[in-house]
Amino acid sequence: MAAPAKGTSRTAQNDVSSIKKKGPGALATAYLVIYNVVMTAGWLVIAVGLVRAYLSKGSYHGLYYSIERPLKFFQTGALLEILHCAVGIVPSSVVLTGFQVMSRVFLTWAVTHSVREVQSEDSVLLFVVAWTVTEIIRYSFYTFSLLNHLPYLIKWARYTLFIVLYPMGVTGELLTIYAALPYVQKTGLYSVTLPNKYNFSFDYYTFLILVMVSYIPLFPQLYFHMMRQRKKVLASVEEHQKSN
């Protein structure tokens with residue numbers, strides 16, 4: 001799922017304090033700055049594409065098709081974040097980052113791309129908009145943090161807008177998966193039935209239902225964790241300003 005937060009779904013283990021405590025070397029820092037600048041630009045391209053398509057069509061229906069390619073490219077590009085954690089240039093949990101990234105990649109390719117009937121659903125636009133705003137803020141946050149020049153506005157947006165964007169993204173994701181269920185059941189997409197030489201079966205329809213159910217315990221935990229981080233981070237900023 002997306003915590004836009006997302007990015008709202010990405011937690012404070014990635015925040016600036018962690019970067020300062022275990023900062024990467026000069027070469028790694030330069031690479032990370034370039035990576036985050038490129039990703040920020042990529043999601044800005046998606047945002048501009050959405051706005052232009054809306055102004056051209058005069059309707060928000062079917063806007064997914066106008067940004068399908070860049071969305072797939074830049075969302076898949078987030079897989080590099082798992083590698084960054086694995087090699088140690090970013091001091092974040094490989095497991096947590098992997099879960100957050102793979103959940104979005106899964107929704108992008110295994111649901112929205114694979115079940116074309118859902119691509120015109122309004123729910124797709126719901127999570128795409130949430131992801132887009134979240135990622136522009138998140139990658140900007142990382143870029144300025146690495147450069148040690150983090151504007152308060154970006155920090156505030158990072159720890160505030162998720163309050164709306166995270167539920168918005170999760171709602172879009174769940175509704176999209178739900179909309180895909182009838183088509184998956186009808187076509188048997190990605191399902192493996194017995195008998196077969198591997199003596200193995202897999203029901204993708206059931207798997208998607210389990211994915212939806214998993215949101216019930218995970219969403220509140222991640223959301224309220226971000227709320228606690230917001231209070232902690234923004235409070236420390238206010239105390240610093242008062243002391244000056």
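Structure report, in brief. (Residues numbered from 1 in each chain as written. Predicted model: local features only at pLDDT ≥ 70, side-chain atom pairs only at ≥ 80, totals over all residues. Heavy atoms only, no water.)

It is worth spelling out the side chain of threonine 40 at this point. Looking at where threonine 40 falls in the secondary structure, it is placed in helix α2 (residues 26-57). In this structure the side chain of threonine 40 is engaged in a polar contact, spanning 2.7 Å, whose partner is the backbone oxygen of asparagine 36. If near-sequence neighbours (up to four positions away) are discounted, threonine 40 is found in contact with Ile136, Tyr139, Ser140 and Thr143. (Helix = DSSP H or I, 4+ residues; strand = E, 2+ residues; numbered from the N terminus. Polar contact = N/O pair within 3.5 Å; in protein donor to acceptor, adjacent residues only side chain to side chain. Contact = heavy atoms within 4.5 Å.)

So, about the packing of helix α3 (residues 64-77) against helix α5 (residues 94-113). When two helices pack together, their arrangement is given by the angle between the helix axes and the distance between those axes. At a closest axis distance of 10 Å, the pairing of α3 and α5 adopts a crossing angle of 140 degrees. Judged by the angle between their axes, α3 and α5 are oblique. The crossing of α3 and α5 is left-handed. Across the interface between the two elements, Tyr64, Glu68, Lys72, Gln75 and Thr76 of α3 pack against Arg104, Val105, Thr108, Trp109, Thr112 and His113 of α5. (Axes fitted to C-alpha atoms, helices over the stretch in contact; angles between N-to-C directions. Parallel < 35°, antiparallel > 145°, perpendicular 65-115°, else oblique. Left-handed = near helix turned anticlockwise from the far one by under 90°.)

Tallied over the full model, the rule gives five salt bridges. Close ionic contact of glutamate 81 with arginine 138 constitutes a salt bridge, the shortest N to O distance being 3.0 Å. Of this pair, glutamate 81 sits in helix α4 (residues 80-87) while arginine 138 sits in helix α6 (residues 122-146); the two residues are 57 residues apart in sequence, bridging distant segments of the chain. Across the pair, exposure class does not vary: glutamate 81 and arginine 138 are buried alike. The salt bridge involving arginine 138 is made with glutamate 135; its shortest N-O contact spans 2.7 Å. With arginine 138 and glutamate 135 both in helix α6, this residue pair falls three residues apart, about one helical turn. On the basis of relative accessible area, arginine 138 is assigned to the buried category, the value being 1%. Each of the salt bridges in this network shares a partner with another, and the network as a whole consists of Glu81, Arg104, Glu135 and Arg138. (Salt bridge = Lys/Arg side-chain N within 4 Å of Asp/Glu carboxyl O. Buried < 20%, exposed > 50% of the residue type's maximum accessible area, 1.4 Å probe, protein only.)

The next thing to look at is the packing of aromatic side chains. Aromatic ring pairs are defined here through the distance separating the ring centres and the angle between the ring planes. Under the criterion given, the structure shown has 18 aromatic pairs. An angle of 80 degrees between the planes, with centres 6.2 Å apart, marks the rings of tyrosine 35 and tyrosine 139 as edge-to-face. Within this pair, whereas tyrosine 35 is found in helix α2, its partner tyrosine 139 is found in helix α6, the two being separated by 104 residues in sequence. Exposure class is identical for tyrosine 35 and tyrosine 139. Each is buried. Geometrically, the ring pair formed by phenylalanine 106 and phenylalanine 207 is edge-to-face, given 5.8 Å between the ring centres and 75 degrees between the ring planes. Remark: phenylalanine 207 occurs in helix α9 (residues 204-243) and phenylalanine 106 occurs in helix α5; sequence separation between them is 101 residues. A relative accessible area of 33% means that phenylalanine 207 is categorised as partly exposed. In this structure an aromatic cluster arises from ring pairing among Phe106, Tyr190, Phe202, Tyr204 and Phe207. (Phe/Tyr/Trp six-rings, centres within 6.5 Å; stacked < 30°, edge-to-face > 60°.)

Another aspect to go through is a nonpolar patch on the surface. Taken together, the side chains of Val133, Tyr152, Leu153, Trp156 and Leu161 make up a nonpolar region of the molecular surface, amounting to roughly 430 Å² of accessible area. Ranked by the residues each element gives to the nonpolar patch, the list is headed by helix α7 (residues 152-158), at three residues. Look at leucine 161 and you get partly exposed, because its relative accessible area is 32%. (Patch = residues over 30% accessible without salt bridge, like charges linked within 9 Å, V, L, I, M, F, W, Y side chains within 5 Å. Areas by Shrake-Rupley, 256 points an atom, 1.4 Å probe, with all protein chains shown as cover.)

Next up on the list: unusual backbone geometry. For the peptide bond that leads from leucine 194 to proline 195, omega is 0 degrees, which places it in the cis range. With respect to the element layout, proline 195 can be found in the loop between α8 (162-187) and α9. For asparagine 148, which is not a glycine, the phi torsion comes out positive at approximately 60 degrees. By secondary structure assignment, the location of asparagine 148 is in the loop between α6 and α7. Judged by relative accessible area, asparagine 148 falls into the exposed class, the value being 56%.

Moving on: the nonpolar core. Trp43, Leu71, Val128 and Ile177 are the most contacted members of the largest nonpolar core, which totals 48 residues. Elements supplying a minimum of two residues to this core: α2, α3, α5, α6, α8 and α9. Setting aside residues no more than four positions away along its own chain, tryptophan 43 makes contact with Leu71, Phe74, Gln75, Trp131, Thr132, Glu135, Ile136 and Tyr139. Counting five residues, the second-largest nonpolar core is a separate cluster that includes Ala28, Leu32, Val33 and Ile89. (Core = buried A, V, L, I, M, F, W, Y, C linked by side-chain atoms within 4.5 Å.)

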